Amino acid sequence: MSMSTRSPTTDHTVEGAMDERTQSPTKEVIDPHLVTLEPKDDPQNMSSLRRWIVVLIISSGSLCVACASSISAFTEAGSAQTFHVSHEVTILGVSLYVSGLGAGPLLVGPLSEVYGRNAIYRVSYIFFFIFTFPVAFAPNIGVFLVFRLITGFCGSAFLSVAGGSVSDMFPNSTVANPMAVYTMSPFIGPVVGPLIAGFINQNVYWRWTYWVLLCWIFVEMVTLFLLVPETYVPTILKKKASRLRNTTGDAGYFAPLDKVEGSLATAIFVSCYRPFQLLLFDRMALLLDIWNSLILGILYLAFQAFPIIFEGVHHFNVQMTGLAFLGVGIGMFFAISTLPFWNRLFAREAVKFNGDPPPEVRLIMGQVGAVLAPISLFWLAFTTYPQVHWIAPVIASIPFGSGVYFIFTSSFTYLVTAYRPIAASAMAGNSALRSAFAAAFPLFAGAMYDRLGTVGATALLAGLTTIMAPLPFIFYRIGAQLRMKSRFAAH
């Protein structure tokens, strides 16, 4: 997957809704037909239990979409045998799915502003479920690959708005913990995929991988329909205005969203071209996106590299190779457990700047990740010799998992704050480039490891991350100056 965390949509309507939420009850309303947010309508006033249930459902839904991206890597041997194609062709099952994940936010993002979060959730998961059937029962490789691309696109629609629901339900003072729970799922998903698929493919027919996935998607779809309410305030107000028009017969009632100018087609067009405009004309955004893309590309390359290292060198079976990814997962969980420390650090930094710290403060976390990633990969490279115990490379992958989380969390937060006027475009551009790298890297992994060996190939990846490691340190020092010169960044 394109480990997409929250991909914010263009939130000009959100700001208007927040005005409605914070508006004093005694404030004079200029137009009596303007529908405002009442306490009973406010998603932040739902019970804490219900809000947390929604967070867990959304997080598990994101985990399912992300897990589906890597689960295909462990079905490649079986599908190659069934469809009578080479292993290289079956790798496209991962690459095309990830390509769909990257393309989705560009097109779907503006839709949530018109139709709300719930409509996107439900429609995306319905199609995700329907189009996984042709994957699970594909008669040939063509059908299998085409519908892997389509299911990736459907899944990305869910990811593109899921984080928004979390921020809808919690005020800024308490959003950190639920957002941390949600953010974990797209990161952990690609690691969970091999764990599940390894056991399935070791013991039963490879198609069972997708049959199990279908069951999971169905459960998620049912819970989304039954337990997840609409949380997008502009859409809540729009539905309320429509309800008042129907019940009172007064056609004058309207919500702020009813007055938003511009067509949906225009919004989608802008959503598609502006991210690439940012990549072409803003060097800071481009370099950060390349760094993120390299890291995600290496993570997805690992789905080809780990079988070479653990099956080829240490003679693991399929399910044991899947368990080898536990190191990366443990590293991610460790990184997430440090969030209270980072929250305290950022709070202290905010005090230094009178409550308005510059976006560059967020890069401190990225600096830690920039150091951990190359160290982990060099460590992994030089523990892949046959005479070295298999536990050594598994342990070596732990810092890489932590580095991945620190790098992405830092970069995403920085892009959203530094490019606040076009935050959705900044994140969409990042997602598109990351997905391109994640789709491409597995395709050349086998040839690279055959040519360079496990030590040389992994050390090459470590060297590339070393070259990119200075970026968060450089931008921490001169990021403010670069933002002043940028026509896209917040000054």
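Since we're looking at a predicted model, the values are computed, not measured.

Caption draft 1: Inspection of the confidence of the model for the protein chain at higher detail. The pLDDT averaged across the protein chain works out to 86; a share of 92% of its residues lies at or above 70. Low confidence marks residues 3-20, where pLDDT is under 50. Its contacts with residues over four positions away, or in another chain, come to 60 contacts. Across residues 22-29, where pLDDT falls below 50, the model places 2 contacts with residues more than four positions away in sequence or in other chains.

Caption draft 2: Quick look at the pattern of salt bridges. Scanning all chains against the criterion turns up 5 salt bridges. Put simply, E38 and K240 hold a salt bridge, and the shortest N to O gap is 2.8 Å. On the criterion of sequence distance, the pair formed by E38 in the loop between α1 (12-22) and α2 (48-71) and K240 in helix α9 (residues 233-248) is long-range, its members being 202 residues apart. E38 gets classed as partly exposed once you look at its relative accessible area, which sits at 36%. With relative accessibility at 8%, the residue K240 sits in the buried group. One salt bridge in this structure joins E349 and K352, with 3.3 Å as the shortest N-O distance. Of this pair, E349 and K352 both sit in helix α14 (residues 339-352), 3 residues apart, which is roughly one turn of that helix.

Caption draft 3: Spotlight on empty space enclosed by the protein. Under the counting rule described, the total for this entry stands at 2 cavities of 30 Å³ or more. Taken as a whole, the largest cavity holds about 140 Å³ of empty space. I298, A302, F306, L377 and L380 are, among the 17 residues lining the largest cavity, the residues nearest its centre. Elements with a minimum of two residues in the lining of the largest cavity: α11 (283-313), α15 (363-381), α16 (391-418) and α17 (423-468). Its residues assigned to classes, the lining of the largest cavity comprises 14 nonpolar, 3 polar and no charged.

Caption draft 4: View of a nonpolar patch on the surface. Taken together, the side chains of L49, I53, F218, V219, V222, F225, L226 and L227 make up a nonpolar region of the molecular surface, amounting to roughly 740 Å² of accessible area. If you list the elements that add at least two residues to the nonpolar patch, you get α2 and α8 (208-227). Mapped onto the fold, F225 is located in helix α8.

Caption draft 5: Here's a closer look at the packing of aromatic side chains. Applying the stated criterion across every chain, the model contains 33 aromatic pairs. Between W52 and F170, the aromatic rings sit 6.0 Å apart at their centres with planes inclined by 65°, giving edge-to-face as the arrangement. With a gap of 118 residues between them, W52 in helix α2 and F170 in the loop between α6 (141-169) and α7 (176-203) connect regions that are remote in the sequence. Both rings, one in F441 and one in F444, keep their centres 5.1 Å apart while their planes meet at 50°; by these two values the pair is tilted. Taken as a pair, F441 and F444 lie in helix α17 at a separation of 3 residues, close to a single helical turn. Residue F441 is classed as buried on the basis of its relative accessible area, which comes to 9%.

So, how was this worked out
Residues numbered from 1 in each chain as written. Predicted model: local features only at pLDDT ≥ 70, side-chain atom pairs only at ≥ 80, totals over all residues. Heavy atoms only, no water. pLDDT = per-residue confidence, 0-100. Contact = heavy atoms within 4.5 Å. Salt bridge = Lys/Arg side-chain N within 4 Å of Asp/Glu carboxyl O. Helix = DSSP H or I, 4+ residues; strand = E, 2+ residues; numbered from the N terminus. Buried < 20%, exposed > 50% of the residue type's maximum accessible area, 1.4 Å probe, protein only. 1 Å grid on protein atoms, 1.4 Å probe; cavity = no way out; pocket = protein on both sides within 12 Å on 5 of 7 lines; lining within 4 Å. Points joined across faces, edges and corners; volume = space filled by probe spheres on them. Nonpolar A, V, L, I, M, F, W, Y, C, P; charged D, E, K, R; others polar. Patch = residues over 30% accessible without salt bridge, like charges linked within 9 Å, V, L, I, M, F, W, Y side chains within 5 Å. Areas by Shrake-Rupley, 256 points an atom, 1.4 Å probe, with all protein chains shown as cover. Phe/Tyr/Trp six-rings, centres within 6.5 Å; stacked < 30°, edge-to-face > 60°.

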